[in-house]
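# Remarks on the overall topology
As a plain string of letters, each chain reads:
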Amino acid sequence: MSFSKEITISKSSVPKVALLVLATIFAFGIFEVGFDQGQLFSIVFGEQAYADMYIHELTHDMRHAAGFPCH
Amino acid sequence: MRTSLFIAIILLSGCSAGVIHGLVNLALVEPYLDRAIGIENQHMFTSGEAKDTPQFWAEYYSYRAWQKGGQLLAGAMLGTAIGALFGIVFGYARNILPGNSFAKKALVLAAIMWITLYLIPFAKYPANPPTVGDPETILLRQMLYVSFIAISGFGALGFYLIFRRLRSKRFVAVLGYAGFIGMVFALMPQNPDAVTAPTDLVNGFRAMSLVGVTAFWLSVGLILGALWQKLQPDRVKQTKFQ
């Protein structure tokens, strides 16, 4: 006769899909807050985005406060 | 590992800590930013680039209110991003970090990452308020800052691998990292921009900036540690047939 029982085990490895998602979020977030000078919006607005620097202006205070070089 | 739960608690802890960072900045850093931008305004009036009119100030206060709102949004974005890195490292290192609970392990890792990715780079290239910083040198300054953080972070990882291989005298690996980063610190070029703003403004800004970022690392360690302890995303149920 066979029977089944439920056990809880600890899996130590980090799933590859999680690694990919988190690494992408890390790279994108750091770039936008720390370094974007119009690059993201230039995809839609072209050269005008580099003059407006909307993300730079929006993240300006955090950019200074977190230690990123600015201006 | 329950992938969705693993990602969710990492993003939640990073975003929450980032909002805390933004709130601390609103309370402590913004007065220094306002003062520094006030100096920039005076320069614009002196040079004739802008006129000291009620219309200027109405637009200025409206614009600054928008930017201060951005402090919280940027805090959430930056916190989520750095929290993602913190979560990846914690995912790999949680079983080898010292501490008898995940909460303590997360705090230990937060302290290590705060020192290697923030405090040491900050000592070399400290934060500066507006009015300090030449637009012509921005690319160079960004490259120096990112390079220093990368060298410090990968250096710490490299010396950790040496630490693991050593059976005794493991402190040698810690001393090795200290010597390595000390040498890099001495060899890397200085920030090329002269600091012409008042010393009390610059020093006060840097001190409050340090408090804000420290609050972030403390928060992300506490929150992720507590969530991991409670939800344990690495515990999975399996049915065993006998």
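Look above for the structure.
Everything in this summary refers to the structure shown in the same document. Keep in mind it's a predicted model, so treat the numbers as computed, not measured. (Residues numbered from 1 in each chain as written. Chains lettered and ligands numbered in written order. Predicted model: local features only at pLDDT ≥ 70, side-chain atom pairs only at ≥ 80, totals over all residues. Heavy atoms only, no water.)

Turning to the overall build of chain A, a few remarks are in order. Within chain A, the secondary structure is distributed over five helices and one strand. When the helices and strands of chain A are read in sequence order from the N terminus, they spell out β-α-α-α-α-α. Counting every position in chain A, which comprises 71 residues, the buried fraction comes to 42%. For chain A, restricting intrachain contacts to residue pairs at least 6 apart in sequence, the fraction spanning at least 24 positions comes to 31%. (Helix = DSSP H or I, 4+ residues; strand = E, 2+ residues; numbered from the N terminus. Buried < 20%, exposed > 50% of the residue type's maximum accessible area, 1.4 Å probe, protein only. Contact = heavy atoms within 4.5 Å.)

Counting its regular elements, chain B contains seven helices and one strand. For chain B, the succession of helices and strands along the chain, N to C, is α-α-α-α-α-α-α-β. The buried share among the 242 residues of chain B stands at 42%. Restricting the contact set of chain B to residue pairs at least 6 apart, pairs at least 24 apart contribute 80%. Surface summary for chain B: the accessible area is close to 12300 Å², and the carbon and sulfur share equals 68%. Positive and negative side-chain charges of chain B, numbering 20 and 11 respectively, have mean locations separated by a distance of 30 Å. (Areas by Shrake-Rupley, 256 points an atom, 1.4 Å probe, with all protein chains shown as cover. Lys, Arg positive; Asp, Glu negative; His and termini not counted. Charge placed at Lys NZ, Arg CZ, Asp CG, Glu CD.)

The next thing to look at is the side chain of Thr59 of chain A. Within the secondary structure, Thr59 of chain A is located in the loop between α4 (54–58) and α5 (60–65). Beyond its immediate sequence surroundings of up to four residues, Thr59 of chain A is in contact with Glu32 and Val33 of chain A together with Ala74 of chain B.

Okay, the packing of aromatic side chains next. All names here are of chain B. Applying the stated criterion across every chain yields a total of 26 aromatic pairs over all chains. Here Tyr118 and Phe122 contribute two aromatic rings whose centre-to-centre distance is 5.4 Å and whose plane-to-plane angle is 35°, an arrangement assigned as tilted. Taken together, the residues Tyr118 and Phe122, both in helix α4 (residues 102–124) and four residues apart, mark about one turn of the helix. You'll find Tyr118 and Phe122 in the same group, each marked buried. Seen from their ring centres, Tyr125 and Phe148 are 6.0 Å apart, and the 90° between their planes marks the pair as edge-to-face. Within this pair, whereas Tyr125 is found in the loop between α4 and α5 (138–165), its partner Phe148 is found in helix α5, the two being separated by 23 residues in sequence. Across the pair, Phe148 and Tyr125 agree in class, each one buried. Grouping aromatic residues by their ring pairs yields a cluster made of Phe6, Phe86, Phe90, Phe102, Phe216, Trp217 and Trp228. (Phe/Tyr/Trp six-rings, centres within 6.5 Å; stacked < 30°, edge-to-face > 60°.)

Right, let's talk about the pattern of salt bridges for a bit. Any two side chains of opposite charge can pair, on the condition that their charged atoms come close. Following the criterion strictly, the structure yields seven salt bridges over all chains and no others. Close ionic contact of Arg64 of chain B with Asp61 of chain A constitutes a salt bridge, the shortest N to O distance being 3.1 Å. Here Asp61 of chain A lies in helix α5 and Arg64 of chain B lies in helix α3 (residues 54–93), a pairing that spans two chains. An identical accessibility class is assigned to Arg64 of chain B and Asp61 of chain A; each is buried. (Salt bridge = Lys/Arg side-chain N within 4 Å of Asp/Glu carboxyl O.)

This part is about the interface of chain A and chain B. Contact residues are listed per partner, giving 44 residues for chain A and 62 residues for chain B. Surface buried jointly by chain A and chain B totals about 4600 Å² across both partners, of which 67% is contributed by carbon and sulfur atoms. At the boundary of chain A with chain B, the tally comes to one salt bridge. It is helix α1 (residues 16–34) of chain A that provides the largest number of residues to the side of chain A that touches chain B, a total of 13 residues. Within the side of chain A that touches chain B, the residues separate by chemical class into 25 nonpolar, 13 polar and six charged. (Buried area = accessible area lost by both parts, 1.4 Å probe. Nonpolar A, V, L, I, M, F, W, Y, C, P; charged D, E, K, R; others polar.)

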